[in-house]
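Observations on the model geometry
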Amino acid sequence: MPDSDTLAFADRPTDSVGLVTPHVAKFDTPLPLACGKVLPEYELIYETYGTLNAARSNAVLICHALSGHHHAAGYHGAEDRKPGWWDAHIGPGKSIDTNRFFVVSLNNLGGCHGSTGPVSHNPETGRQWGPDFPMVTVSDWVASQARLADRLGIERWAAAVGGSLGGMQVLQWTMTYPERVANAVVIAATPRLSAQNIAFNEVARQAIRSDPEFFDGWYAEHDTVPKRGLKLARMVGHITYLSEDAMGSKFGRDLRSNDLNFGFDVEFQVESYLRYQGDTFSTAFDANTYLLMTKALDYFDPAATQAGDLANALAPAQCPFLVVSFTTDWRFPPSRSRELVDALTRAGKPVSYANIDSPHGHDAFLLPEPRYHALFSAFMSRVARELNIVETAGEERV
Amino acid sequence: MRADLELIYDWVPQGAHVLDLACGDGALLERLAQEKSVTGYGLEIDPDGITQCVARGVNVIEHNLDDGLGSFCDNSYDQVIMTQALQALRRPDKMLDEMLRVAEEGIITFPNFAYWRHRIHLGLRGYMPVSKSLPHAWYDTPNIHLSTFNDFEHLCREKGLVIVDRAVGVGDHKGHWTSKWWPNLFGEIAIFRVRRR
């Protein structure tokens with residue numbers, strides 16, 4: 001997550017969706033998972049912004065990235081300092097205009113922010129799931145999201161939208177439920193991880209698993225948290241989310257004090273920043289969830305079932321795509337988005353692609369770059385126009 | 001629509017699958033899709049052009065033409081169109097090869113450097129021409145490979161390409177009687193339809 005400016009609630013901008021309350025949907029129908037196991041029952045926590053129209057044609061699904069969750073826009077309370085993770089793009093008059101669209105954002109299965117995951121209780125044992133929580137994949141998430149859509153009475157998404165790991169979910173939607181996605185927006189994503197990506201994920205996992213307080217994932221039962229491992233994992237991740245330029249311009253080689261200490265305490269500003277980010281994350285995120293989510297990233301490879309032919313894998317897709325990458329993203333660089341675009345053109349699918357010039361690295365997908373905003377808004381306006389979605393709350397706009 | 005685009009419009013068959021190189025704001029592809037059920041993609045490098053295409057619902061892919069068309073398969077399109085970009089490419093000859101690898105037929109338009117006004121600019125006044133079709137000053141122009149109607153025909157002959165059609169654009173008009181007879185002198189915009197032999 002970028003270090004965006006915090007806002008006092010009283011000063012919140014008029015284009016915010018305002019105060020929001022999460023909902024929980026409980027599912028009793030067992031969910032068969034790609035790993036072969038079955039989740040007997042589960043809950044999904046989600047938020048919605050905007051109003052579902054009578055035709056139920058204006059729903060937009062927001063799929064979150066690795067450490068994201070259901071709280072994508074607005075504020076949970078007056079004391080909130082920061083809005084939801086994608087507040088830059090969701091709200092009245094924003095790219096995903098809540099005057100037109102009904103936005104649904106959820107926390108994925110295996111998450112640690114309210115949906116069933118390792119911190120929930122296993123109904124069969126009464127214990128916390130912990131490391132026993134089954135491995136979930138992108139296709140499992142999409143299957144569970146489809147059930148949530150059924151529950152909300154949404155037959156077809158006007159658009160499925162996601163960045164990074166969220167973009168992979170959007171891709172999966174277009175292949176598993178092509179008739180249920182009218183448009184797809186895939187941002188800063190990749191059709192499969194590179195060996196380097198998997199390597200970074202493995203370093204993060206090893207950092208967690210080798211923490212003496214990890215206890216093979218049963219840390220909760222030992223009344224502890226593998227904080228050091230999580231912190232290291234996040235520090236590694238964070239480096240890959242920023243660009244060299246972004247880090248350079250933010251910290252340079254600035255020292256915390258004027259003198260070199262010739263020791264291993266924090267001396268450079270960037271060290272201090274990474275430690276802070278790591279510390280914050282280690283108290284807010286669950287280690288088993290981090291392991292699961294990075295594995296879900298590693299496993300995603302729709303072309304694998306088609307002898308590596310991504311165009312074949314994408315053949316079922318029926319909707320127009322918007323694919324966006326960022327010039328300084330080295331986590332999922334533009335070439336990976338281009339791979340996807342080339343497969344889509346080979347498959348003859350309608351696709352538009354833009355590579356946005358940004359200094360912010362992978363995190364750019366969360367930020368309001370003017371060109372990104374203009375492009376995203378143009379695409380979403382077209383979605384609204386082609387689906388005859390009219391403003392439902394236009395008169396309330398300032 | 002621009003005069004050269006109006007002419008090209010007639011040359012694109014109903015339902016064709018086309019690649020429009022340097023598609024600009026997507027006006028041509030939008031009309032072709034609406035009126036002739038044409039499918040395909042535009043390639044563009046200008047951010048504003050890309051956004052305009054997306055707003056119109058034209059499939060546009062950000063792509064630098066100097067990188068070639070390597071990601072597009074042989075014979076995967078009916079036509080490849082390139083309007084007013086040839087002169088800005090690093091190797092126009094190689095792009096021509098690429099275009100006719102991807103499709104059997106190509107449509108190309110470019111400013112004709114031998115246009116009589118350009119000749120006056122350079123020949124009589126001694127200045128590099130600046131005109132509607134060549135609007136930039138010599139020092140900031142993207143046009144690095146200016147050519148003439150005759151030059152292009154010569155290149156096509158060298159490559160063994162068949163010139164199926166040629167036309168000229170003059171100002172906002174589709175053509176002018178003089179340009180039919182002396183296109184190299186009176187054509188401001190050169191417009192070619194070429195095929196592999």
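Residues numbered from 1 in each chain as written. Chains lettered and ligands numbered in written order. Predicted model: local features only at pLDDT ≥ 70, side-chain atom pairs only at ≥ 80, totals over all residues. Heavy atoms only, no water.

What about the overall build of chain B?
Stated formally: Numbering of helices and strands runs from the N terminus, with a helix taken as a DSSP run of H or I at least four residues long and a strand as a DSSP run of E at least two residues long. The atom set for the radius of gyration is the C-alpha atoms, and the globule formula is 2.2 Å times the number of residues raised to the power 0.38. Burial classes follow relative accessibility: with a 1.4 Å probe on protein chains only, a residue under 20% of its type's maximum area counts as buried, one over 50% as exposed, and anything between as partly exposed. Should any heavy atoms of two residues lie within 4.5 Å, those residues are considered in contact. Surface accessibility follows the Shrake-Rupley procedure with a 1.4 Å probe radius. Residue values consider only the protein chains on display as shielding. Positive residues here are Lys and Arg, negative ones are Asp and Glu, while His and the chain termini are left out of the count. Taken as the charge location is NZ of Lys, CZ of Arg, CG of Asp or CD of Glu.
In terms of regular secondary structure, chain B is built from eight helices and seven strands. In terms of overall dimensions, chain B is globule-like: its C-alpha atoms have a radius of gyration of 16 Å, near the 16 Å expected for 197 residues. If one aligns the C-alpha atoms of chain B with their principal axes, the spans along those axes are about 45 × 35 × 30 Å. Counting all 197 residues of chain B, 50% fall into the buried class. Long-range pairs, those at least 24 residues apart, make up 66% of the contacts in chain B between residues at least 6 apart in sequence. On chain B, roughly 9,300 Å² of surface is accessible, and the fraction owed to carbon and sulfur atoms is 52%. Charged side chains in chain B number 21 positive and 27 negative. The centres of these two groups are separated by 7 Å.

Some remarks on the interface of chain B and chain A
Interfaces are often described in size by the accessible area the parts lose on coming together. We count it as follows: Summed over both partners, buried area is the accessible surface (1.4 Å probe) that two parts give up on being assembled. A pairing counts as a salt bridge when a side-chain nitrogen of Lys or Arg comes within 4 Å of a carboxyl oxygen of Asp or Glu. Side-chain atoms alone can form a polar contact between residues adjacent in sequence; in general such a contact is a pair of N or O atoms within 3.5 Å, and within protein one must be able to donate a hydrogen while the other accepts it. Three classes are used: nonpolar for Ala, Val, Leu, Ile, Met, Phe, Trp, Tyr, Cys and Pro, charged for Asp, Glu, Lys and Arg, and polar for all others, with Gly counted as polar.
Of the residues lining the interface, 18 residues belong to chain B; the matching set on chain A comes to 22 residues. For the pairing of chain B and chain A, the buried interface totals around 1,500 Å² over both sides, and the portion due to carbon and sulfur atoms is 52%. Looking only at chain B, the three residues that lose the most surface to chain A are B:Tyr41, B:Val54 and B:Glu62, adding up to 35% of its buried area. The interface formed by chain B and chain A contains one salt bridge. Where chain B meets chain A, there are twelve residue pairs in polar contact (both at pLDDT 80 or more). Elements with a minimum of two residues in the side of chain B that touches chain A: helix 3 (47-56) and strand 3 (60-62) of chain B. Of all the elements, helix 3 of chain B adds the most residues to the side of chain B that touches chain A, at six residues. Of the residues contributing to the side of chain B that touches chain A, the split by class is eleven nonpolar, five polar and two charged.

A closer look at the packing of helix 3 (residues 195-209) of chain A against helix 7 (residues 287-299) of chain A
Residues and elements named next belong to chain A. Note the threshold: Axis definition: a line fit to C-alpha positions, over the contact stretch in the case of helices; interaxial angles, taken between N-to-C directions, run 0 to 180 degrees. Small angles under 35 degrees read as roughly parallel and large ones over 145 as roughly antiparallel, with 65 to 115 read as roughly perpendicular and the rest as oblique. Here a crossing is called left-handed whenever its near helix is offset anticlockwise from the far helix by less than a right angle, and right-handed whenever the offset is clockwise.
It is at 10 Å that the axes of helix 3 and helix 7 come closest, and there the two elements cross at 160 degrees. It follows from the interaxial angle that helix 3 and helix 7 lie roughly antiparallel. In the crossing of helix 3 with helix 7, the sense of the turn from one axis to the other is left-handed. Where helix 3 abuts helix 7, its residues Ile198, Asn201, Ala204, Arg205, Ile208 and Arg209 lie against Ala287, Tyr290, Leu291, Thr294, Lys295, Leu297 and Asp298. Along the lines of polarity and charge, the residues of the contact of helix 3 with helix 7 split into seven nonpolar, two polar and four charged.

A closer look at the UniProt feature "binding site: substrate" (unreviewed entry) in chain A
Residue and element names in this part refer to chain A. Selection criterion: UniProt positions are given in the numbering used here, feature names are shortened, and annotations may be inferred rather than shown by experiment. A 1.4 Å probe that fits but cannot get out identifies a cavity on a 1 Å grid over protein atoms alone, an open set with protein on both sides within 12 Å along at least five of seven lines counts as a pocket, and a residue lines either if it has an atom within 4 Å of a point.
With numbering matched to this structure, UniProt assigns "binding site: substrate" (unreviewed entry) to Arg234 and Asp363. Maximum C-alpha separation among the annotated residues is 13.9 Å over a sequence range of 130 residues, consistent with a single clustered spot. Lining the largest cavity, from the set of annotated residues above, are Arg234 and Asp363. Relative to the helices and strands, Arg234 resides in helix 4 (residues 227-241). Here Asp363 is to be found in the loop between strand 12 (351-356) and helix 10 (370-386). Residue Asp363 is classed as buried on the basis of its relative accessible area, which comes to 4%.

Thoughts on the pattern of salt bridges
Residues and elements named next belong to chain B. Counted by the stated rule, this structure contains 26 salt bridges over all chains. When the shortest N-O distance is used, the salt bridge between Arg91 and Asp93 registers 2.9 Å. With relative accessibility at 44%, the residue Arg91 sits in the partly exposed group. Its salt-bridge partner being Asp165, residue Arg193 comes within 2.6 Å of it at the nearest N-O pair. One end of the pair, Arg193, is in strand 7 (residues 189-195); the other, Asp165, is in strand 6 (residues 162-169), and 28 residues separate them in sequence. According to the relative accessible area criterion, Arg193 is buried, its value standing at 16%. For Asp165, a relative accessible area of 24% corresponds to the partly exposed category.

Digging into the layout of surface pockets
Residues and elements named next belong to chain B. The cut-off we apply is this: Grid points are joined across faces, edges and corners, and a volume is the space filled by probe spheres set on the points.
Of the volumes computed, that of the second largest pocket is approximately 800 Å³. Lining the second largest pocket we find 34 residues, and of these Arg2, Thr83, Gln84, Ala85 and Gln87 sit closest to its centre. With three residues, the single largest contributor to the lining of the second largest pocket is helix 1 (residues 3-11). Residue composition of the lining of the second largest pocket, by class: 15 nonpolar, ten polar and nine charged.

What to know about helix 3 of chain B
Every buried residue belonging to helix 3 of chain B is among B:Gly49, B:Ile50, B:Thr51, B:Cys53 and B:Val54, and all of these are buried. On its buried face, helix 3 of chain B is in contact with strand 11 (321-326), strand 12 and helix 10 of chain A together with strand 2 (39-44) and strand 3 of chain B. B:Gly57, located one to two residues past helix 3 of chain B, shows a positive phi value of around 85 degrees.

Side note on the pairing of strand 5 (residues 59-63) of chain A
Residue and element names in this part refer to chain A. As a reminder of what qualifies: One bridge is not enough; two strands pair if DSSP finds at least two bridges between them.
Counting buried residues along strand 5, five of its five residues qualify, which places the element largely inside the surrounding structure. Residue alternation in strand 5 divides its side chains into two sets, Ala59, Leu61 and Cys63 and Val60 and Ile62, and both sets are buried. In this structure, strand 5 lies alongside strand 9 (residues 159-163), joined through four bridges in parallel fashion. When the sheet's bridge partners are listed, Cys63 is paired in strand 9 with Gly162.

Here's the deal with empty space enclosed by the protein
All names here are of chain A. Inspection of the entire model under this criterion finds two cavities of 30 Å³ or more. In this structure, the largest cavity encloses a volume near 160 Å³. Along the walls of the largest cavity sit 16 residues, with Ala65, Leu66, Ser67, Tyr241 and Phe365 positioned nearest its centre. Here the lining of the largest cavity is built from residues that sort into nine nonpolar, four polar and three charged. For the second largest cavity, the calculated volume is near 40 Å³. Lining of the second largest cavity is provided by Leu66, Phe200, Asn201, Ala204, Ala233, Val236, Gly237, Tyr241, Tyr290 and Arg331. Of all the elements in the fold, those that place two or more residues in the lining of the second largest cavity are helix 3 and helix 4. In terms of residue count, the dominant contributor to the lining of the second largest cavity is helix 4 (four residues). Each residue belonging to the lining of the second largest cavity can be placed in one class, and the counts come to seven nonpolar, two polar and one charged.

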